Amino acid sequence: MQATVSRYDAETASGAVLTDTGIELPFDAEALTRTPVRLLRLGQRVRLVTTGSGASLTISEVHFITLP
């Protein structure tokens, strides 16, 4: 799933993304510590690894989108 960073707090390493389907999903610092990502900026495009579905959908990892 891909999304755009809509909120980010560098102190807590938490924030939210807006998915391409229009859903805003929050993430916590754990979603970043599982990946090499350490800093995000507003408007940045990211790829998400999620768990659950529907109302229980959560972000487990946030990755940068890299072009081949």
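Refer to the structure above for everything that follows.
How each quantity is defined
- Residues numbered from 1 in each chain as written.
- Predicted model: local features only at pLDDT ≥ 70, side-chain atom pairs only at ≥ 80, totals over all residues.
- Heavy atoms only, no water.
- Helix = DSSP H or I, 4+ residues; strand = E, 2+ residues; numbered from the N terminus.
- Rg over C-alpha atoms; globule rule 2.2 N^0.38 Å.
- Contact = heavy atoms within 4.5 Å.
- Areas by Shrake-Rupley, 256 points an atom, 1.4 Å probe, with all protein chains shown as cover.
- Lys, Arg positive; Asp, Glu negative; His and termini not counted.
- Charge placed at Lys NZ, Arg CZ, Asp CG, Glu CD.
- Phe/Tyr/Trp six-rings, centres within 6.5 Å; stacked < 30°, edge-to-face > 60°.
- Core = buried A, V, L, I, M, F, W, Y, C linked by side-chain atoms within 4.5 Å.
- Buried < 20%, exposed > 50% of the residue type's maximum accessible area, 1.4 Å probe, protein only.

### Section: the overall build of the protein
No. 1: Scanning the protein for helices and strands turns up 1 helix and 5 strands.
No. 2: Seen in sequence order, the protein has helices and strands lined up from the N terminus as β-β-β-α-β-β.
No. 3: Relative to the compact-globule value of 11 Å for 68 residues, the protein shows a C-alpha radius of gyration of 11 Å, a close match.
No. 4: Expressed along its principal axes, the backbone C-alpha trace of the protein runs to roughly 30 × 30 × 20 Å.
No. 5: Considering only contacts within the protein whose residues lie at least 6 apart along the sequence, 44% involve residues at least 24 apart.
No. 6: By element, 56% of the accessible surface of the protein is carried by carbon and sulfur atoms, the whole surface being about 4,300 Å².
No. 7: Charge-centre separation for the protein: the mean point of 6 positive side chains lies 7 Å from the mean point of 7 negative side chains.

### Observations concerning the packing of aromatic side chains
No. 1: What the rule picks out here adds up to 1 aromatic pair.
No. 2: Ring geometry for Tyr 8 and Phe 27: centres 6.4 Å apart, planes at 20°, overall stacked. Of the two residues, Tyr 8 is situated in strand S1 (residues 2-9) and Phe 27 in strand S3 (residues 24-27); the sequence distance between them amounts to 19 residues.

### Let's talk about the nonpolar core
No. 1: Judged by nonpolar contacts, the single largest core of 16 residues is most densely connected at Val 17, Phe 27, Leu 32, Leu 40, Val 46, Ile 59 and Val 62.
No. 2: Taken together, the elements giving at least two residues each to this core come down to S1, S3, helix H1 (29-33), strand S4 (45-51) and strand S5 (58-64).
No. 3: It is S1 that contributes the most residues to this core, 3 residues altogether.
No. 4: Once you skip the residues sitting within four places of it in the chain, Val 17 turns out to touch Ala 3, Thr 4, Val 5, Ser 6, Ile 23, Glu 24, Leu 25, Phe 27, Val 46, Leu 48 and Ile 59.

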